[in-house]
Structure formats: structure tokens, C-alpha cells
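Coordinate inspection notes
What follows is each chain in one-letter form.
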Amino acid sequence: MEISFHKQQMGPASGVAFCWEFIIEAEPSVALSDLFIPELFFDFFFVHTGQLRGSDPVSQTEWILPRQSLKTLHTRALTLTFTTPLRLFGARLPLQFGELFWEDAIGPNTFLAQQWVDPDVADLAVFAEQVVRVVNGRARQKNPYPLLKDGLEESTWLSSYSPRHKRRLYKATFGLSRQALQRIANLHAFLAQNCDFDPDSPRLIGYVNAELFYDQPHFNHAFKKMVALTPLEYFEASSVLQDNLMAVSYNALPAQDD
């Protein structure tokens, strides 16, 4: 079995964080599962070859993803199963994409069928070019001014509204509440530390931010609610594609493909 992942970093003006290509070659055909946990990114998927199946352990549902789909923000983990041979293209979109998405409905924990690229797209560079053209060409500002500045910091415009009206704006723009967005951010503040849980390393509590979690049981409960696994179980789980996506997302990278 051969697995490869390639990325193409995009400029800030593109509205796209980066594009990528994920290939699995196996003979005979196999099905591989990947754990996907919540992140503060939207993701566009284009299944060029093979099949991509999703399953939600909470609702106990399973479905075949459309050839082209937009993954909205999720509050809980899901499993993606790849049927080989697989050639999968994707685009990682920043949180601010929710403020520019041209469709009215953007509910959480779902995949929206889309048509952004030609079905016979030749390579990653062409895929990226077509995605950027769609993202910028169809963009529609949902609110008079941006809701957020850097990270989850609220803009001056949003700060002027009542808590009730803010809740409406968050849900309409991102599909999630402010509290849900913050919980996901807290989760990744922990994961971004590249924790090492070898016996000689500090205990888990040594990595828990006391400003975000009261104590280790509080942290464990919050982690398991979103990931459906304990931290140690998560680090032992299989997650090839998302591991690559998170590695690129967590690091500042040059604009060229590597």
C-alpha cells in the first residue's frame, strides 16, 4: 500500500488556507478508516477516484459523500472511510469563510453537496485555481462588517450587540454558538503542543491549561465529549489524512508547494 499527501499553500487574498491531494494505492482494494475530530476550519472535498464514506457514532448513521462536498464545522468526531484506489482533492478554508459563504443554510455536523471544480480536473494546481475562482467569485458578505478579527476575537461591530443578538449572528454565520467555537479552540490549544505521553514525560495534567480547564477530570470530560475517546486513546487511533491537515494548519509554511 502506498499513501501520499501533497499540499499547495495559498496566499491570504485567495480566501483559501491551502489545497491538498491525498492518494492511496492498494492492490487488492481495501477500506481504510480515518478519525476526524472537530476543527475551526471548513473543508471542501472532491473525490476524484474511489469512494469516501462517513459515519457518525452519535446518530449511528452512515452515508456516502457526494463527489464534491463542503464539510461544515463539527462539534463531535466522525469517521471517514476511504475505498481504494483513492485520489482525493481538498481545500482547507479558514473560519472566516463562514462569513462569505453564499448559501443561506450552513448547519453544523454535515456535508453540503457542492459543484466547485470540473469532474476531470487534472492536477492539484488546476484544482486549486478552480477552487479559488469559486470562493472569490461567489463570495457574499452575510453581515455589514466582519464578526471576528484574529482568532476568535470579536470585532468592534459585533461587540456592540446584545448577547442574544450575538448568538443569532454566530449561528447564522458559522452554524455554531460562540461557546461551541471556543470549546473547539480549547481542544486544539492542547493538541498543538505536540504532547508526548511516554512514561518518562510529564503527566497529562502538566499539559492542561489551568485557564481553560479546572482540573484533569474537567479536561478529560471535555475532550471525550468532542472526540469520543480519551486523550491517550486518541493519540493511538488511526488518522492519516487529518494528521497531515493538522500538521499543515498548525505550522506557518511558505507559499510554495513542497
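These figures come from a predicted structure and were not determined experimentally.

1. With respect to the overall build of the protein
Helix and strand counts for the protein come out as 7 helices and 8 strands. Out of the 258 residues in the protein, the part that is buried amounts to 43%. Intrachain contacts of the protein at a sequence separation of at least 6 include 71% that bridge at least 24 residues.

2. Some thoughts on the pattern of salt bridges
Within this structure, the stated rule accounts for 9 salt bridges. Close ionic contact of Asp56 with Arg76 constitutes a salt bridge, the shortest N to O distance being 2.8 Å. Of this pair, Asp56 sits in strand E4 (residues 42-56) while Arg76 sits in the loop between strand E6 (68-71) and strand E7 (78-93), placing them 20 residues apart in sequence. Looking at Asp56, the relative accessible area reads 9%, which means it is buried.

3. Focus: unusual backbone geometry
For the peptide bond that leads from Glu27 to Pro28, omega is 0°, which places it in the cis range. Looking at where Pro28 falls in the secondary structure, it is placed in the loop between strand E2 (18-25) and strand E3 (31-36). Cis geometry marks the peptide bond from Thr84 to Pro85; its omega dihedral reads -5°. In this fold, Pro85 is placed in strand E7. Even without being a glycine, Asn109 presents a positive backbone phi close to 55°.

4. What to know about a nonpolar patch on the surface
Judged by side-chain polarity, Met1, Ile3 and Val240 come together as a nonpolar surface patch covering roughly 270 Å² of accessible area. Along the chain, Ile3 turns up in strand E1 (residues 2-9). Judged by its relative accessible area of 41%, Ile3 is partly exposed.

5. Here we look at helix H3 (residues 163-174)
The end-to-end C-alpha separation of H3 is 16 Å, in line with the 16 Å expected for 12 residues at 1.5 Å each. For H3, every residue scored as buried is listed here: Lys166, Leu169, Tyr170, Thr173 and Phe174. One side of H3 carries all its buried residues, which in axial view fall inside an arc of 100°. Those residues of H3 hidden inside the fold are in contact with E4, helix H2 (156-159) and helix H4 (178-191). Just downstream of H3, Gly175 is the residue with a positive phi angle, here 85°.

6. Observations concerning the nonpolar core
Judged by nonpolar contacts, the single largest core of 52 residues is most densely connected at Trp116 and Phe127. Those elements giving two or more residues to this core turn out to be E4, E7, helix H1 (124-138), H2, H3, H4 and helix H5 (216-227). For this core, the leading source of residues is H1, giving 7 residues. When near neighbours in sequence (up to four residues on either side) are disregarded, Trp116 contacts Phe44, Gln68, Leu70, Leu93, Phe97, Trp102, Gln130, Val131, Val134, Val135 and Arg138. Core analysis: the second largest hydrophobic core is formed by 19 residues, Trp20, Phe45, Leu241 and Leu245 among them.

7. Here we look at the pairing of E6
Alternating residues of E6 divide into Gln68 and Leu70 and Ser69 and Lys71, and every residue in both groups is buried. Relative to E6, E4 runs antiparallel, the two being bridged by 4 bridges. By the bridge assignment, Phe45 is partnered in E6 with Ser69. Pairing of E6 with strand E8 (residues 111-113) involves 3 bridges; the strand directions are antiparallel. Along E8, the bridge assignment pairs Lys71 with Phe111.

8. Quick look at the confidence of the model for the protein
On average, residues of the protein score 87 in pLDDT, and 88% of them reach the 70 mark or higher. Across residues 253-258 the pLDDT falls below 50, and counting only partners more than four positions away or on other chains, this stretch makes 8 contacts in the model.

9. Side note on the side chain of Thr81
Tracing the chain through its elements places Thr81 in strand E7. The class for Thr81 is buried, based on a relative accessible area of 19%. Polar side-chain contacts of Thr81 include one of 3.3 Å to the side chain of Ser33. Each residue touching Thr81, except ones within four places of it in the same chain, is listed here: Ala31, Leu32, Ser33, Gln51, Leu52 and Arg53.

Cut-offs and rules
Residues numbered from 1 in each chain as written. Predicted model: local features only at pLDDT ≥ 70, side-chain atom pairs only at ≥ 80, totals over all residues. Heavy atoms only, no water. Helix = DSSP H or I, 4+ residues; strand = E, 2+ residues; numbered from the N terminus. Buried < 20%, exposed > 50% of the residue type's maximum accessible area, 1.4 Å probe, protein only. Contact = heavy atoms within 4.5 Å. Salt bridge = Lys/Arg side-chain N within 4 Å of Asp/Glu carboxyl O. Patch = residues over 30% accessible without salt bridge, like charges linked within 9 Å, V, L, I, M, F, W, Y side chains within 5 Å. Areas by Shrake-Rupley, 256 points an atom, 1.4 Å probe, with all protein chains shown as cover. Expected span 1.5 Å × (residues − 1). Arc of directions from axis to C-beta. Core = buried A, V, L, I, M, F, W, Y, C linked by side-chain atoms within 4.5 Å. Pairing = 2+ DSSP bridges. pLDDT = per-residue confidence, 0-100. Polar contact = N/O pair within 3.5 Å; in protein donor to acceptor, adjacent residues only side chain to side chain.

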